[in-house]
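Architecture and fold: a report
These are the residues of each chain, in order.
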Amino acid sequence: MSKFLGEPIDQGVTDQLSRRGDIMSSRNRTPEQLRYLASRTSWVRLTSGVDTETGPDECKELILQGGYGYYNSIEDKLFLRGGISFQNNDPDISKAYNTAGAFGTRPMPGITDFSVKCKGRFGSIKETNISFNVWSLEDLERVERLFFRLGYSCIVEWGHSIYVENDETITTGGLTANYNQFFDSPSSREKAQSVIDSQKENTSYNYDGFVGLIKNFSWGFRADGGYDCNISIVSLGEIMESLKTDKSTLDLEPLPSSDKESNSSKARASYFHFLNYALSENTPTDGSFQPLRNVEVKKAQSSIDSLVTSLRTDLEEGGLGSNVPLGVVGFNVTTDRSEGTQEDQVVKVFYITLRTFLAMLNRFYLLKVNNVTEPKFDVSLDRAPKFNTHKGHYSSDPFVCLLPTSPNTRSISSLKLTDLYEGDNSTILNIPISLPYIIETYNSLTEGSDAESFSLLVFVNKIIAGIREALGRVNDFDVVYDDETRLFSIVDRNKIDVLKSELPELDLVGLRTTVSDLKIESKISSRLGSQIAIAAQASPQSSTSLLTNLIKWNEGKADRFALLKSENQTSDNTSSLPSIRSVEAQLRDLSKEKYNENLNKLYRKLNRTPGEYVSEEWQNLQKESFQDQIEANQNSKKEKNFPLAGIIPIDVSFTLDGIGGIKIGQSVRFKKGFLLPKYETFSYIVTRVDHSIGQDNRWTTQLQFNPIIYP
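None of the values given here were measured: they were computed from a predicted structure. (Residues numbered from 1 in each chain as written. Predicted model: local features only at pLDDT ≥ 70, side-chain atom pairs only at ≥ 80, totals over all residues. Heavy atoms only, no water.)

The residue after Thr-609, namely Pro-610, is reached through a cis peptide bond having omega -5°. Examined against the element boundaries, Pro-610 turns out to sit in the loop between α15 (580-606) and β26 (611-613). In this structure, Ser-204 takes a positive phi of about 55° despite not being glycine. With respect to the secondary-structure elements, Ser-204 resides in the loop between α5 (189-202) and β13 (207-221). Accessibility expressed as a relative area gives 7% for Ser-204, which makes it buried. (Helix = DSSP H or I, 4+ residues; strand = E, 2+ residues; numbered from the N terminus. Buried < 20%, exposed > 50% of the residue type's maximum accessible area, 1.4 Å probe, protein only.)

Have a look at this one:
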């Protein structure tokens, strides 16, 4: 995933596409350019991350490619096997054909098929399928030791055998620079990935690769004595999708003896439960900021101290660091959500930032290898994306979350939320979420019928879905993964911080392009199609705010078989009566006035001492809240000259000569000449990046884009 959603594709990638375009459009090609055009082939390489009893030496002797190679550490070279050995079980690793077993002389194993597909809602996790042939039982045993190891690491690389660099030099692909570092033991995924990232830049993105995990494998015997094998490899983000949350009780000190056993069990249900228990003892609830280091707990003091120390670790370890606010803001509220009680009671509600919530997941719930958490959530404020907001934005369910800063008429005025975070108040990580809501969500997932399939990513998605609803559905929060940085981030797909003028333009048609299989598809769901059809028949008097935007699609068009009344048309008999449109407008104004009155009333109740929160009252206003927030968001966009007219969604997809460095979430513009004019005003965001090497031995990259509105 790109650092910020919607950022331009890397300049190096743009330059590479331009150099390729120069050669394609050249009228007087040099011999080197002709060789480049005629001889472009590709290669793929699979290196095992498994150390056997002999250490990394066995990995060096079996590196899968078109055949398989061996790495000579002394010469720092990767050699492909060649020649024939007729000696039975010859230990010489340099031979391509060896004699062993009942089938005589057999060829070396080799990769026959390769593809990389994107997974997930936005395609930010890679899954690779590699098929290869093994021709002897002896080689299958070697392959089994190195590659048929579920959950173990491996390195997948692929690239062009001949390519043009960004300085216009045509060169041949070779051994990955610092390839020897792949065999360091012990090593780290960060180190291996840094080698891959450097190689991408050094080859002008004519190379790609990643460190992955072996997810699955299969092999089958053939009639000719060989074996068909397949390995499925996923990027590290797959860990998060399948990681089950540890629902066992926590290893904490004995809780105060005065507590009932039920309270003790609740406090041990999760780290969030324990934190809420610790805060509830004697933490002030006057709306002021309370640092966690000042929290005092009777017999479990060392547990809360350990929790704080763990969260204070550096960003590289998934913590918040030592110099940022780490604490809560709390207040007393009368609520109907108290568990195990029939009557409302005064409870303490504490808010932590979304950043603190993610840091707790990093430190206490994600897997650690050698005390290193990977992958993990990105909690760096320097890289934190912002969220879409508008004038008057507010939370319609304060029990779920608040905004870092809210208008006085739409906030709990007694809470000092600005002390809870640092940096920009429109940063996603600074959104305050209530600890009771986190606990309630955790309980609903772990105690329900689907508890066995409850994963950490499901938990996070449930939390951010609740935030989306509370903030009026003007945000589209999602979890994305960058397999280069090995970091998960929470982004708002409705917030773009990049100016359209900053985006590069791509040539998809004409002499300069290497694009093939260009497809532009307009896809309309049956529901959306029905709405547009209804909107096309709607008169100005009967159109609702929901259909207004869809009507703009047909603006300036008329259906001569379904004539519409003019907005100003009135009969002689009704000329003195107010128009239906004006009556509807008055009714909407009255309804909005009533809604604002009810909403302000609920916030006034919440601002009492103690506050009062009745979930049913807030839920009754949800529908009107969505309409109010969406309308306010649209008005805010109008002020910024955002085009709001609806368009029929399209997908733009095409295939080009393989290239690395393009990431999900990056954006481009397309040069004019093949899209309808109304679509040329949009920018296009990458939603899929797939790679494959087919029977023609050519590396191709398949890209898909969707239109997006930029400032």
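Next comes the rest of the account.
Glancing now at the sheet that holds strand β6 (residues 97-99). Pairing within the open sheet is mixed, and its 3 strands lie in the order β5-β6-β7. Every other strand in the sheet has two partners, leaving β5 (84-88) and β7 (105-107) as the edge strands with one partner each. Taken pair by pair, the neighbouring strands of this sheet meet at an average axis angle of 25°, ignoring direction. Examined bridge by bridge, β6 and β7 share 3 bridges and lie antiparallel to one another. From the neighbouring strand, Tyr-97 faces β7, where its bridge partner is Pro-107. (Pairing = 2+ DSSP bridges. Axes fitted to C-alpha atoms, helices over the stretch in contact; angles between N-to-C directions.)

A few words on the environment of Leu-471. Along the polypeptide, Leu-471 turns up in the loop between α12 (456-470) and β22 (477-482). The exposure class assigned to Leu-471 is buried, which follows from its relative accessible area of 0%. Counting along the chain gives 70 residues from Leu-471 to Cys-401, while the straight-line C-alpha distance between them is 8.3 Å.

It is worth spelling out a nonpolar patch on the surface at this point. Taken together, Ile-84, Phe-86 and Tyr-97 make up a surface patch of nonpolar side chains, about 350 Å² in accessible area. With respect to the helices and strands, the residue Phe-86 is situated in strand β5. (Patch = residues over 30% accessible without salt bridge, like charges linked within 9 Å, V, L, I, M, F, W, Y side chains within 5 Å. Areas by Shrake-Rupley, 256 points an atom, 1.4 Å probe, with all protein chains shown as cover. Salt bridge = Lys/Arg side-chain N within 4 Å of Asp/Glu carboxyl O.)

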